[in-house]
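# Overview (structure and organization)
Take a look at the letters that make up each chain.
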Amino acid sequence: LVKSLNIKQLTGLAHQIVRAKVVNKQIEADPYESGALVCYYTLAVEETLKAPLAGPSDEIIIKQLADGTTTQNGLAVRQQYNFPQYEVGKTYVFFLPQAHSKTGLSAPIGLAQGVFEIVADRAGRETVPAFVARAGILKKGLTDDAQGKLLKAQVEKVANDARYEEFKKMIQ
């Protein structure tokens, strides 16, 4: 089980928030670090919304546990974690933690909660439809102080409009 997170928690817990296009997906066994079947996603960063990239590259690689079967010590091991999966060629906003120091794993904050696909609507505008579906959870637990009220209003605005630009303003 994964604890439900609101937009303030997602943003606060993320070391880095990026808008990126998935350009490669590679699944393999990882006997050196995590000891499990992992998936490496190569992301072409289009925009950084929190914490700049460490170097001049516009690509980052995230590593997360993968579903599937691998062989360990001569035995077939099946793992089923149901981590979110991303399609090559699609663009998402990722709320990312720092990679784990020993395993290198770096799945988004709150797993699927920390990923939002960017989709063009009929008019060609960029939208974030998953935000609309999750708006109730994303504003749950926000405080009634000035910052909390502002965030609640922003969540409702994005939920009613779903435009990427409004989503981005709220995160920033």
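Placed above this text is the structure.
Please read all numbers here as calculations on a predicted model, not as lab measurements.

In terms of strand pairing, strand E1 (residues 16-30) meets strand E6 (residues 91-96) through six bridges, oriented antiparallel. Within E6, the position partnered with lysine 21 by the bridge is threonine 91. Pairing between E1 and strand E2 (residues 36-50): 13 bridges, direction antiparallel. Each residue of the ladder has a partner; that of asparagine 24, found in E2, is threonine 42. Taking the residues between adjacent antiparallel strands as the criterion, E1 and E2 are bridged by five residues, where glycine 35 takes a positive phi near 75°.

Right, let's talk about unusual backbone geometry for a bit. Backbone geometry follows two general trends: most residues other than glycine have a negative phi, and most peptide bonds adopt the trans configuration. Look at leucine 111: it is not a glycine, yet its phi comes out positive at around 55°. Inspection of the secondary structure puts leucine 111 in the loop between E6 and strand E7 (115-117). On the basis of relative accessible area, leucine 111 is assigned to the partly exposed category, the value being 22%. Its identity is not glycine, yet alanine 162 carries a phi of approximately 65°, on the positive side. Mapped onto the elements, alanine 162 comes out in the loop between helix H3 (146-161) and helix H4 (164-171).

Let us look at the pairing of strand E5 (residues 75-79). Sheet topology note: the strand E4 (residues 68-72)/E5 ladder contains five bridges and is antiparallel. Following the sheet pairing, glutamine 72 is matched in E5 by leucine 75. Between E4 and E5, which pair antiparallel and follow one another directly, the connecting turn spans two residues, one of which, asparagine 73, has a positive phi of 55°.

Under the criterion given, the structure shown has 14 salt bridges. When the shortest N-O distance is used, the salt bridge between lysine 157 and glutamate 166 registers 3.3 Å. Among the ionic contacts, a cluster of salt bridges with common partners joins Lys157, Asp161, Arg163, Glu166 and Lys169.

Here is what the cut-offs are and how they apply
Residues numbered from 1 in each chain as written. Predicted model: local features only at pLDDT ≥ 70, side-chain atom pairs only at ≥ 80, totals over all residues. Heavy atoms only, no water. Pairing = 2+ DSSP bridges. Helix = DSSP H or I, 4+ residues; strand = E, 2+ residues; numbered from the N terminus. Buried < 20%, exposed > 50% of the residue type's maximum accessible area, 1.4 Å probe, protein only. Salt bridge = Lys/Arg side-chain N within 4 Å of Asp/Glu carboxyl O.

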